[in-house]
Amino acid sequence: LRAFARLVMLSAGRVSEVANLSFGEISPCRGFIVLGGARTKNGEDHVIPLSHLAQRELEAVWPVDATDHQRDFKLLGRTGRSGFSGTGKLLRRL
């Protein structure tokens, strides 16, 4: 929850983009997220640069066994198969 809220603010990404981040879209060593056209509102690939603080938030939720995960593993979801849910309720609380 904390990582999701902070990543939305620090990356200036859309709520749905951050909620459904998959393992293969994140390049932690290069410091950016690459979203394919299928995941963006305008249908074009989008690169989101990550600030130092955003990178630290990703490190906090990054799996220890990172090499074992598939590219479509959802980083912020409960199971790894679905993204973060409950964004509407969270945004109302904020």
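Quantities reported herein were computed from a predicted structural model and do not represent experimental measurements.

Caption draft 1: A look at the overall build of the chain. Within the chain, the regular secondary structure consists of 4 helices and 3 strands. Ordered by position from the N terminus, the helices and strands of the chain form the series α-α-β-β-β-α-α. Residues counted as buried form 38% of the 94 residues belonging to the chain. Taking the contacts inside the chain whose residues are at least 6 apart along the sequence as the reference set, 46% of them involve residues at least 24 apart. With an accessible surface of roughly 6,200 Å², the chain has 51% of that area assigned to carbon and sulfur atoms.

Caption draft 2: Fine view of the sheet that holds strand β3 (residues 46-49). Spatial strand order, β1-β2-β3: 3 strands in an open sheet with antiparallel pairing. Bordering the open sheet on either side are β1 (26-27) and β3, each of which pairs with just one other strand. Pairing analysis gives 4 bridges linking strand β2 (residues 32-35) to β3, with the strands arranged antiparallel. What sits directly across from Ile 33, in β3, is Ile 48.

Caption draft 3: Representation of helix α3 (residues 52-61) within the structure. For α3, the set of buried residues is Ala 54, Glu 57 and Leu 58. Along the axis of α3, the buried residues cluster in a sector spanning 100°; they form a single face. Counted as exposed and oriented over 90 degrees from the buried face of α3: His 52, Glu 59 and Ala 60.

Caption draft 4: Representation of helix α1 (residues 2-11). Within α1, burial applies to Ala 3, Phe 4, Ala 5, Leu 7, Val 8 and Ser 11. Residue Ala 12 follows α1 closely and has a positive phi angle near 60°.

Cut-off values and rules
- The residue numbers shown here count from 1 along each chain, following its written sequence.
- Totals for whole chains, interfaces and linings use all residues, but because this is a predicted model, local features are given only for residues with pLDDT of at least 70 and pairs of side-chain atoms are given and counted only at 80 or more.
- The side-chain figures draw on all heavy atoms in the structure; neither hydrogens nor water molecules are used.
- Secondary structure elements follow DSSP: runs of H or I no shorter than four residues count as helices, runs of E no shorter than two count as strands, and numbering proceeds from the N terminus.
- The classification of residues rests on relative accessible area computed with a 1.4 Å probe and restricted to protein chains. Under 20% of the type maximum is buried, over 50% is exposed, and intermediate values are partly exposed.
- Contacts are assigned to residue pairs that have any heavy atoms within 4.5 Å of one another.
- Note on areas: these come from Shrake-Rupley sampling with a 1.4 Å probe, and a residue is covered only by the protein chains present in the view.
- The criterion for strand pairing is that DSSP finds at least two bridges linking the strands in question.
- Throughout, the arc means that of the directions going from the helix axis to the C-beta atoms.

Interpretation in functional terms is not warranted from these geometric data alone.
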